[in-house]
Amino acid sequence: MSEEVYRPRRPEDSNESLNKINAMRSAAEANENENPQSFDPKKAPFEVKGKVPEQFLNAMSGRTAEASSGNPASSVAGSGQLKDLLEGLKQNTSIYEEVVLPSKGRFYDGENGPADGVLHIRPMTGEEEQILATPRFVRKGQALNMIFSRCIKENFKPDNFLTVDRTYLLIYLRGISYSPLYDVEIKCPECEKKFSTEVDLNSLVVESCPDEYGPVLEDVLPSSKYKFRYRLSQGKDENDIQDHRDRRIKNFGDSSADDTLIYRTALLLEDIEGLTDKKDLQVLIKNLPISDVSYLRNCVNEPPFGVDTNVEMVCPSCLQEFDVDLPLEANFFFPRRRREKTQA
């Protein structure tokens, strides 16, 4: 057993080690002289010297050429056919449609959005659908911004678009990517029976911003007669409001009073009689007459333009007529297979 015990080896004589190293270098130089074929360091990611099989050199040379071309598809079997197919798709997916935003650009300065209200947008591809199918993007509110950034030709930050313009773009994008026909399931408020129906997105009414509206927004409260200034919500405001709601639920649970409406109103107010602090504005709103609160909420949430998402329905069971706000269900961007439905 004693012979099997590990013992550290003594270091070899330093001169002997040096001689071995020199001998190895000499052998390497001799091999290089016998086969001088090697890579150009400027063209290859590393240099290979010595006796190297010719097949290996040819293969590596081909890989280097592919890497320098920057075309990952060229390394795939049947790449010629794939390239032709991708080129054919590019002719369709690179076609952008011109759209005029409901705001007509009155609230943009050319930096945060199109001053003329004109954008160019293309249909989604499988890559955009993959973004929508990624839960972490959807959960963090990033998915829609990522889709807009990829499908809109102009280089604007989607967070800066007005919410009413974003809603219009969302519906328009769905229509040109899949179909303007949208399948929904509705519960009748009268008989409480559920039924499936079809909404034609092209039938939704789109109102353009009146010439006399904005960009500076100010008004007077009907009861208190306080003067106030406000703005319209943007994409980043919607994310802020959602974060506030999530924090409240996390800290206080669902049993606490929901202050999201007051928080939203205060966020979009510029001032009331010169009062600008958001926390102070929330306190003031809580103490305003309810008629003033309702007036404020309508001003900041319901501008006189945008897509009218109110849809008329008729229950097939009880024939009750009623209106619903267009439901944005999971199949809005993941349509189900078509079947016979009641036309809305």
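What this report covers is the structure whose coordinates are included nearby. (Residues numbered from 1 in each chain as written. Predicted model: local features only at pLDDT ≥ 70, side-chain atom pairs only at ≥ 80, totals over all residues. Heavy atoms only, no water.)

## A look at the state of the cysteines
All chains considered together, the criterion is met by zero disulfides. Not engaged in a disulfide, the cysteine Cys 188 finds its nearest cysteine sulfur in Cys 318; these two sulfurs lie 3.6 Å apart. (Disulfide = S-S within 2.5 Å.)

## Some points on the pairing of strand β10 (residues 310-314)
Covered by surrounding structure in β10 are Val 311 and Met 313 only, the residues Asn 310, Glu 312 and Val 314 on the alternate face being uncovered. Across five bridges, β10 lies against strand β11 (residues 321-325) in antiparallel orientation. Looking at β11, one finds that Asn 310 is bridged to Asp 325. Between β10 and β11, which pair antiparallel and follow one another directly, the connecting turn spans six residues, one of which, Leu 319, has a positive phi of 65°. (Buried < 20%, exposed > 50% of the residue type's maximum accessible area, 1.4 Å probe, protein only. Helix = DSSP H or I, 4+ residues; strand = E, 2+ residues; numbered from the N terminus. Pairing = 2+ DSSP bridges.)

## Considerations on the sheet that holds strand β8 (residues 269-272)
Pairing is antiparallel in the open sheet, where three strands are placed in the order β6-β7-β8. The open sheet has two free edges, formed respectively by β6 (217-220) and β8, since each of these has just one partner strand. When the angles between neighbouring strand axes are averaged without regard to direction, this sheet yields 20°. Inspection of the sheet shows strand β7 (residues 227-230) paired to β8 by three bridges, in the antiparallel sense. Residue pairing in the sheet places Tyr 230 in a bridge with Leu 269 of β8. Sheet contacts for helix α9 (residues 260-268): β7 and β8; angle to β8, the most-contacted strand, approximately 85°. (Axes fitted to C-alpha atoms, helices over the stretch in contact; angles between N-to-C directions. Contact = heavy atoms within 4.5 Å.)

## A closer look at the pattern of salt bridges
Overall, the coordinates contain seven salt bridges when judged by the stated rule. A salt bridge links Glu 128 to Arg 150; the nearest nitrogen and oxygen atoms lie 2.6 Å apart. Residue Glu 128 is located in helix α4 (residues 126-132), and its partner Arg 150 is located in helix α6 (residues 143-151); the two are separated by 22 residues in the primary sequence. For Glu 128, a relative accessible area of 0% gives the class buried. Under the relative-accessibility criterion, Arg 150 is labelled partly exposed at 34%. Residues Arg 264 and Glu 238 are paired through a salt bridge, measuring 3.0 Å at the closest nitrogen-oxygen approach. With Arg 264 in helix α9 and Glu 238 in helix α8 (residues 235-252), this pair connects stretches of sequence that are 26 residues apart. Among the charged side chains, a network of salt bridges with common partners joins Arg 122, Glu 127, Glu 128 and Arg 150. (Salt bridge = Lys/Arg side-chain N within 4 Å of Asp/Glu carboxyl O.)

## Considering α6
Within α6, the full set of buried residues consists of Ala 143, Asn 145, Ile 147, Phe 148 and Cys 151. Where α6 is buried, its residues contact β2 (118-121), α4, α5 (135-139), α7 (163-177) and α8.

## Topic: the packing of α9 against helix α10 (residues 278-287)
As a packed pair, α9 and α10 sit with axes 9 Å apart at the nearest point and diverge in direction by 125°. Relative to α10, α9 is oriented oblique. The chirality of how α9 crosses α10 is right-handed. In this structure, α9 contributes Ile 262, Tyr 263, Thr 265, Ala 266 and Leu 267 to the contact, and α10 contributes Lys 278, Leu 281, Gln 282, Ile 285 and Lys 286. In the contact of α9 with α10, the residues fall into six nonpolar, two polar and two charged. (Parallel < 35°, antiparallel > 145°, perpendicular 65-115°, else oblique. Left-handed = near helix turned anticlockwise from the far one by under 90°. Nonpolar A, V, L, I, M, F, W, Y, C, P; charged D, E, K, R; others polar.)

## Describing unusual backbone geometry
With an omega of 0°, the peptide bond between Gly 214 and Pro 215 qualifies as cis. One can find Pro 215 in the loop between β5 (206-207) and β6. Of note in the backbone geometry, Lys 104 takes a positive phi value of approximately 60° without being a glycine. Relative to the elements of secondary structure, Lys 104 occurs in the loop between β1 (97-100) and β2. A positive phi angle, close to 50°, is found at Glu 273, a residue other than glycine. Here Glu 273 is to be found in the loop between β8 and α10.

## Examining the environment of Gly 117
Note that Gly 117 resides in the loop between β1 and β2. Not counting the four nearest positions on each side in its chain, Gly 117 is found in contact with Val 99, Val 100, Leu 101, Lys 104 and Gly 105.

## Observations concerning the nonpolar core
Formed by 61 residues in total, the largest nonpolar core has its most connected members in Leu 169 and Tyr 230. If one sorts the elements of this core by residue count, α7 sits on top with six residues. Not counting the four nearest positions on each side in its chain, Tyr 230 is found in contact with Tyr 213, Leu 217, Glu 218, Leu 268, Leu 269, Glu 270, Cys 299 and Val 300. (Core = buried A, V, L, I, M, F, W, Y, C linked by side-chain atoms within 4.5 Å.)

## Remarks on the environment of Gly 306
Here Gly 306 lies in strand β9 (residues 306-307). The class of Gly 306 is buried, set by a relative accessible area of 6%. Here the alpha-carbon distance between Gly 306 and Pro 102, two residues 204 residues apart in the chain, equals 5.2 Å. For Gly 306, the residues in contact, after removing those within four places along its chain, are Pro 102, Val 205, Val 206 and Glu 207.

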